[in-house]
Amino acid sequence: HAQSGSRLELPRVVTEWSASPSMTDRVNYVGGSTGLWAGLGMLGTSSAFFGVWTWSRRKEWVDIMLDYCHHKRAQYPTHTLDRVAVRALRMLKI
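Residues numbered from 1 in each chain as written. Predicted model: local features only at pLDDT ≥ 70, side-chain atom pairs only at ≥ 80, totals over all residues. Heavy atoms only, no water.

**Re the overall build of the chain**
Now for step 1: From N to C terminus, the chain includes 4 helices and 0 strands.
Now for step 2: Secondary structure elements in the chain, listed N-terminal to C-terminal, are α-α-α-α.
Now for step 3: On the chain, roughly 9,800 Å² of surface is accessible, and the fraction owed to carbon and sulfur atoms is 64%. (Helix = DSSP H or I, 4+ residues; strand = E, 2+ residues; numbered from the N terminus. Areas by Shrake-Rupley, 256 points an atom, 1.4 Å probe, with all protein chains shown as cover.)

**Regarding the confidence of the model for the chain**
Now for step 1: Per-residue confidence for the chain gives a mean pLDDT of 77; residues scoring 70 or more make up 63%.
Now for step 2: Element-level pLDDT for the chain is lowest in helix H1 (residues 21-25), with a mean of 57, against a maximum mean of 89 in helix H2 (residues 34-55). (pLDDT = per-residue confidence, 0-100.)

**Quick word on the packing of aromatic side chains**
Now for step 1: Taken as a whole and assessed by the stated rule, the structure comprises 2 aromatic pairs.
Now for step 2: Ring centres 6.3 Å apart and planes at 40 degrees place the aromatic pair Phe50 and Trp53 in the tilted group. A residue pair is termed a helical-turn pair when its members lie 3 or 4 positions apart in one helix, as Phe50 and Trp53 do in helix H2 at 3 residues.
Now for step 3: Residue classification places Trp53 among the partly exposed positions, given a relative accessible area of 41%.
Now for step 4: Counting every residue linked through ring pairs, the aromatic cluster contains Phe50, Trp53 and Trp61.
Now for step 5: For the cation-ring pair, Arg58 lies above Trp55, with the distance from its terminal atom to the ring centre recorded as 4.5 Å. (Phe/Tyr/Trp six-rings, centres within 6.5 Å; stacked < 30°, edge-to-face > 60°. Buried < 20%, exposed > 50% of the residue type's maximum accessible area, 1.4 Å probe, protein only. Lys NZ or Arg CZ within 6 Å of the ring centre and 35° of its normal.)

**Let's talk about the side chain of Thr54**
Now for step 1: Tracing the backbone shows Thr54 in helix H2.
Now for step 2: Looking at Thr54, its side chain comes within polar contact range of the main-chain oxygen of Gly51, at 3.2 Å. (Polar contact = N/O pair within 3.5 Å; in protein donor to acceptor, adjacent residues only side chain to side chain.)

**Quick word on a nonpolar patch on the surface**
Now for step 1: A contiguous nonpolar patch, built from Leu36, Trp37, Leu40 and Leu43 and spanning about 450 Å² of accessible area, is present on the exposed surface.
Now for step 2: For Trp37, the location among the structural elements is in helix H2.
Now for step 3: On the accessibility criterion, Trp37 (59% relative accessible area) is exposed. (Patch = residues over 30% accessible without salt bridge, like charges linked within 9 Å, V, L, I, M, F, W, Y side chains within 5 Å. Salt bridge = Lys/Arg side-chain N within 4 Å of Asp/Glu carboxyl O.)

**Focus on helix H4 (residues 80-92)**
An α-helical turn contains 3.6 residues, so any two residues separated by three or four positions project in the same direction.
Now for step 1: Across its 13 residues, H4 extends 19 Å between first and last C-alpha, which sits within 8% of the 18 Å expected from 1.5 Å per residue.
Now for step 2: Just downstream of H4, Lys93 is the residue with a positive phi angle, here 55 degrees. (Expected span 1.5 Å × (residues − 1).)

**Notes on the environment of Trp61**
Now for step 1: Along the chain, Trp61 falls in helix H3 (residues 58-75).
Now for step 2: With residues near it in sequence (within four places) discarded, Trp61 still touches Trp53 and Thr54. (Contact = heavy atoms within 4.5 Å.)

Set out below in structure tokens:
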């Protein structure tokens, strides 16, 4: 560009971002199964850790389950014949 007078003209700076048509036509797509595989990997890993942890402590789990079942049974009123038998055993002090 030729100088007009004593001033030098500088190229105009674009202040707004303008996308070219080739950039707007493109879609950034990674793949539909990426999240699926990550989720399945996490599920499998946590299941494996939980399985190893519970298998190595199975006697504790049996004790917990027996305590739970006993608690559930003791929560409800007993049968009339059971109460009679308990009273009879108390009287006999067996």
